[in-house]
Amino acid sequence: MIEQSNDTFKNISEDCLDFKAFCDYLQKASGITLSPGKSYLVAARIRHIMAVNGLSDLSGLITELNRNNKKLHQEVIDAMTTNETFWFRDDYPFVYFSQHLLPSWSMPEHKDPAIKIWSAACSSGQEPYSLAMLCEEYKASNSFNKRVEILATDLSSDILQKAKKGEFDRLSIARGLSDKRLKSFFSEELSGQWQVNNLLKRYIQFKALNLLESYQSLGTFDIIFCRNVLIYFTRETKTDILERMHKCLKPGGLLCLGSSESLAGAKDLFTMVHCKPGIIYQAK
Ligand SMILES: C[S@@+](CC[C@H](N)C(=O)[O-])C[C@H]1O[C@@H](n2cnc3c(N)ncnc32)[C@H](O)[C@@H]1O
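Trainee: I'd love a proper account of the sheet that holds strand S10 (residues 249–257), names of residues and values included.
Mentor: With mixed pairing, the seven strands of this open sheet are ordered in space as S8-S4-S3-S9-S10-S12-S11. Only two strands of the sheet have a single partner each, and these edge strands are strand S8 (204–208) and strand S11 (270–275). Looking at each pair of strands side by side, their axes are set apart by 20° on average, direction ignored. The sheet contact formed by strand S9 (residues 221–226) and S10 spans five bridges and is parallel. Of the residues in S10, the one forming a bridge with Phe225 is Cys256. Of the strands in this sheet, strand S3 (114–120), S9, S10, S11 and strand S12 (278–283) touch helix H5 (residues 92–106), which is tilted by about 175° from S9. Lying over the sheet, helix H11 (residues 235–247) contacts S3, S9, S10, S11 and S12, oriented at roughly 140° with respect to S10.

If you want it as structure tokens, here you go:
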């Protein structure tokens, strides 16, 4: 079923029971559903894990995972998550944030002393750091005396560690960050990496969180960014996540999804706020 060469995978047949067992394991653990035609992706992503752990076939990997091998479990999760992200992704949520939300939160009628933001599935941190930059920029030219707390969560411990470190290479810096913001909020290290400054770091608490698990300990938020992660889940899982996120929003709180994502079965819980070219959802 699995072609091997020098103990490494080349290919996996999608019909084999071990591949199906791997897909089931992944879906149960993370919600990620592999669509047909993705066996090449599994082969490419777990090849290294197999080699390092001395496993020669998928069946051995599954046996080990079912033995509750936590280290191997996390390695598989880290390998199978897609961490694509960049600064100020899609623009419109960030324009809406700085032009509408920050000003409305500074009005005297907005009594809450703290603004709480959740960046769910934050990957390497570009989304929460982008929001922190906007808060700093807004504070520099407006009177704004609220405390802003950003909770940034992800399932992958590898990527979360990277986000927390706040160190970015030239390639990721080049994706959506202006020179002005680079100079204002980063410092260049001898290694050629760019380090986010502490001003931004102070806004953010990074925490490991699986979106399939409970959100009860997180409190309530003014806005949740849950972008470009629901695409990996079934409609049922999306609906369940969005219903539970709705419970985590303050009255009238907002939800921002990825530009190609929808509310699935949770449509009745939100109204649409048009902020061209996109939509943000407000809790009913
Ligand atoms: C494509 S990135 C999106 C990053 C960012 N939100 C954006 O839009 O640029 C998807 C992220 O979702 C995370 N992820 C996947 N399944 C998850 C789950 N069950 N719980 C929490 N995070 C998950 C992955 O680790 C990855 O970092």
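After that view, the rundown keeps rolling.
Trainee: I'd like a rundown of the domain arrangement of the chain, residues and numbers included.
Mentor: Segmenting the chain into domains produces domain 1 (2–80) and domain 2 (92–283). Domain 1 and domain 2 are separated by 31 Å when their C-alpha centres are compared. With 10 residues of domain 1 at the contact, the number on the domain 2 side is nine residues. When the buried surface of domain 1 facing domain 2 is broken down by residue, Ser30, Gly31 and Asp78 rank first, second and third, together holding 45% of it. Run the count over domain 1 and domain 2 and you get zero salt bridges. Between the two partners, domain 1 and domain 2, sit seven residue pairs in polar contact (both at pLDDT 80 or more). Top contributing element to the side of domain 1 that touches domain 2 by residue count: helix H1 (residues 17–30), with four residues.

Trainee: Residue-level account of the packing of aromatic side chains, with values.
Mentor: One pass over the full model with this rule turns up 11 aromatic pairs. For the ring pair Phe88 and Phe94, a centre distance of 5.4 Å and an interplane angle of 70° mean the geometry is edge-to-face. Exposure remark for Phe88: the relative accessible area of 7% places this residue in the buried category. A centroid spacing of 5.7 Å and a plane angle of 75° characterise the contact between Phe97 and Trp105, whose relative ring orientation is edge-to-face. An aromatic cluster of at least three residues, connected via ring pairs, comprises Trp87, Tyr129, Phe168, Phe186 and Phe206. Directly above the ring of Phe88 sits Arg181, whose terminal nitrogen or CZ lies 4.2 Å from the centroid. Positioned over the ring face of Tyr215 is Arg244, at 4.2 Å from the centre of the ring.

Trainee: Which residues make up the sheet that holds strand S5 (residues 167–168), and what are the values?
Mentor: Strand order in the open sheet formed by three strands is S5-S7-S6, and the pairing between neighbours is antiparallel. Only two strands of the sheet have a single partner each, and these edge strands are S5 and strand S6 (186–188). Direction of pairing for S5 relative to strand S7 (residues 194–196): antiparallel, over a ladder of two bridges. Along S7, the bridge assignment pairs Glu167 with Gln195.

Trainee: How would you explain the pattern of salt bridges if you had to name every residue and give the values?
Mentor: Within this structure, the stated rule accounts for 12 salt bridges. Close ionic contact of Glu84 with Arg175 constitutes a salt bridge, the shortest N to O distance being 2.7 Å. One end of the pair, Glu84, is in the loop between helix H4 (70–80) and H5; the other, Arg175, is in the loop between helix H8 (170–173) and helix H9 (179–185), with 91 residues separating them in the sequence. A relative accessible area of 35% places Arg175 in the partly exposed class. Put simply, Asp90, Glu127 and Arg227 are held in one network by salt bridges that share partners.

Rules behind the numbers
Residues numbered from 1 in each chain as written. Predicted model: local features only at pLDDT ≥ 70, side-chain atom pairs only at ≥ 80, totals over all residues. Heavy atoms only, no water. Pairing = 2+ DSSP bridges. Helix = DSSP H or I, 4+ residues; strand = E, 2+ residues; numbered from the N terminus. Axes fitted to C-alpha atoms, helices over the stretch in contact; angles between N-to-C directions. Contact = heavy atoms within 4.5 Å. Domains from an automatic or database assignment. Buried area = accessible area lost by both parts, 1.4 Å probe. Salt bridge = Lys/Arg side-chain N within 4 Å of Asp/Glu carboxyl O. Polar contact = N/O pair within 3.5 Å; in protein donor to acceptor, adjacent residues only side chain to side chain. Phe/Tyr/Trp six-rings, centres within 6.5 Å; stacked < 30°, edge-to-face > 60°. Buried < 20%, exposed > 50% of the residue type's maximum accessible area, 1.4 Å probe, protein only. Lys NZ or Arg CZ within 6 Å of the ring centre and 35° of its normal.

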